Amino acid sequence: MRPEDDIRELAACLDRLRWTVSGLRAGGIQEWRHVPRNLTPAKSEASRPPAGEAALEALGLELKGCTRCRLHSGRKSLVFGEGSVRSGLVFVGEGPGFEEDQQGRPFVGRAGRLLDKMIEAMGFHRPEVYICNVVKCRPPENRTPQSDEIEACSPFLFRQIEALAPKVICALGACAAQTLLGRASPISRLRGRIHFWRGVPLICTFHPAYLLRNAAQKGAAWQDLKEVIGTLRS
Ligand code: URA
């Protein structure tokens, strides 16, 4: 490695450290003495236990025919999620739209095509990451899920993420960010730093559907995605 590469790498590390520290400070943590065990990187792909896969499969079965909230009545498909169960990276969106309900797959409409491009720009192929949503059934007219719908479905999202044991979670939009953080702050306040969900680094960014309407925010979203890449590599 050339000295200038070393310096660039060191600058990137310091940048990430600054991000992490400001996130912890904003979360009220002023002092820490050791890295808790649950902040250590997730196990490597090869050594990840298959228990996660079994848990995920069991969860899918448990959700089959779900009628826990009103959203079941308008659905064609329950959109559980898809991707690599061994991926270190999980994207969480809001809920299925029309196309997703038709196909039973997350993010396959216009917003999904933008998400695919974002994933490719990060240096991954879509099947290498895992994609899911807060609610698994389409809200009518693609409205934002209501709090009781989120309450009914989020325990399954939480178990899904636990089973996946990712190294990083990327929340797409306010609904995912607020559900995972248990906070009502706007996405503009939640992005720009690293949070933690049950010990897993969580980075919040704009929803691809929002970016389709507000292209000027794509640069900010790219900054967030670069933090995701940096955290994955750290
Ligand atoms: N928007 C979402 O939040 N999720 C999808 O799966 C599709 C669009």
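My aim in this report is to walk through the structure given alongside it, one point at a time.

1. Concerning the pairing of strand β5 (residues 194-197)
Moving on, step 1. Across four bridges, the pairing between β5 and strand β6 (residues 200-205) is antiparallel. From the neighbouring strand, His195 faces β6, where its bridge partner is Leu202.
Moving on, step 2. Hairpin geometry of β5 and β6 is characterised by an intervening segment of two residues between the two adjacent antiparallel strands and by a positive phi of about 45° at Arg198.

2. Here's the deal with a positive patch on the surface
Moving on, step 1. A cluster of like positive charges, contributed by Arg110, Arg113, Lys117 and Lys218, occupies part of the molecular surface.
Moving on, step 2. Looking at the positive patch, the element that brings in the most residues is helix α4 (residues 110-121), giving three residues.

3. A short note on the site of the ligand
Moving on, step 1. The local shell around the ligand consists of Gly93, Glu94, Gly95, Glu100, Pro106, Phe107, Asn133 and His207.
Moving on, step 2. Within the complex, the protein chains bury 91% of what would otherwise be the 240 Å² of accessible surface of the ligand.

4. Some details on unusual backbone geometry
Moving on, step 1. Despite not being glycine, Phe107 has its phi angle at roughly 50°, a positive value.
Moving on, step 2. Here Phe107 lies in the loop between α3 (98-103) and α4.
Moving on, step 3. By relative accessible area, which is 5% here, Phe107 ends up buried.
Moving on, step 4. The phi torsion at Asn142 lies on the positive side, around 60°, for a residue other than glycine.
Moving on, step 5. Note that Asn142 resides in the loop between β3 (130-133) and α5 (147-164).

5. Describing the nonpolar core
Moving on, step 1. Counting residues in each nonpolar core, the largest one holds 60 residues, and the members touching the most others are Leu89, Phe91, Val92 and Leu180.
Moving on, step 2. The dominant element in this core, judged by the number of residues it contributes, is α5, at nine residues.
Moving on, step 3. Look past the residues within four positions of Leu180 in its chain and what remains in contact with it is Val92, Leu157, Phe158, Ile161, Ile169, Ala171, Trp197 and Leu202.

6. Quick look at the packing of aromatic side chains
Moving on, step 1. The final tally for this structure, using the stated rule, is two aromatic pairs.
Moving on, step 2. Taken together, a centroid distance of 5.7 Å and an interplanar angle of 45° make the contact between Phe158 and Trp197 tilted. With Phe158 in helix α5 and Trp197 in strand β5, the pair connects residues that are 39 residues apart, well separated along the chain. Comparing Phe158 with Trp197 shows no difference in burial state: the two are buried.

7. Regarding the sheet that holds strand β2 (residues 89-93)
Moving on, step 1. The six strands lie next to each other as β1-β3-β2-β4-β6-β5, forming an open sheet whose pairing is mixed. The sheet is open, and its two edges are formed by β1 (82-83) and β5, each paired on a single side.
Moving on, step 2. The strands that helix α9 (residues 218-233) touches are β2, β4 (168-172), β5 and β6; relative to β6, the one it contacts most, it runs at about 165°.

8. With respect to α5
Moving on, step 1. Under the 1.5 Å per step criterion, the end-to-end length of α5 is 25 Å for 18 residues, consistent within 8% with the ideal 26 Å.
Moving on, step 2. At Cys153, α5 shows its largest kink, close to 40°, and the proline Pro155 lies no more than four residues downstream.
Moving on, step 3. Every buried residue of α5 is accounted for by Glu149, Ile150, Ala152, Cys153, Ser154, Phe156, Leu157, Phe158, Gln160, Ile161, Ala163 and Leu164.
Moving on, step 4. On its buried face, α5 is in contact with α2 (51-63), β2, β3, β4, α6 (174-181) and β5.
Moving on, step 5. Phi turns positive, to about 45°, at Ala165, one or two residues after α5.

What counts, and where the lines are drawn
- Residues numbered from 1 in each chain as written.
- Predicted model: local features only at pLDDT ≥ 70, side-chain atom pairs only at ≥ 80, totals over all residues.
- Heavy atoms only, no water.
- Pairing = 2+ DSSP bridges.
- Helix = DSSP H or I, 4+ residues; strand = E, 2+ residues; numbered from the N terminus.
- Patch = residues over 30% accessible without salt bridge, like charges linked within 9 Å, V, L, I, M, F, W, Y side chains within 5 Å.
- Areas by Shrake-Rupley, 256 points an atom, 1.4 Å probe, with all protein chains shown as cover.
- Salt bridge = Lys/Arg side-chain N within 4 Å of Asp/Glu carboxyl O.
- Lys, Arg positive; Asp, Glu negative; His and termini not counted.
- Charge placed at Lys NZ, Arg CZ, Asp CG, Glu CD.
- Near = heavy atom within 4 Å.
- Buried < 20%, exposed > 50% of the residue type's maximum accessible area, 1.4 Å probe, protein only.
- Core = buried A, V, L, I, M, F, W, Y, C linked by side-chain atoms within 4.5 Å.
- Contact = heavy atoms within 4.5 Å.
- Phe/Tyr/Trp six-rings, centres within 6.5 Å; stacked < 30°, edge-to-face > 60°.
- Axes fitted to C-alpha atoms, helices over the stretch in contact; angles between N-to-C directions.
- Expected span 1.5 Å × (residues − 1).
- Bend = angle between axes of the 7 residues up to and from the residue.

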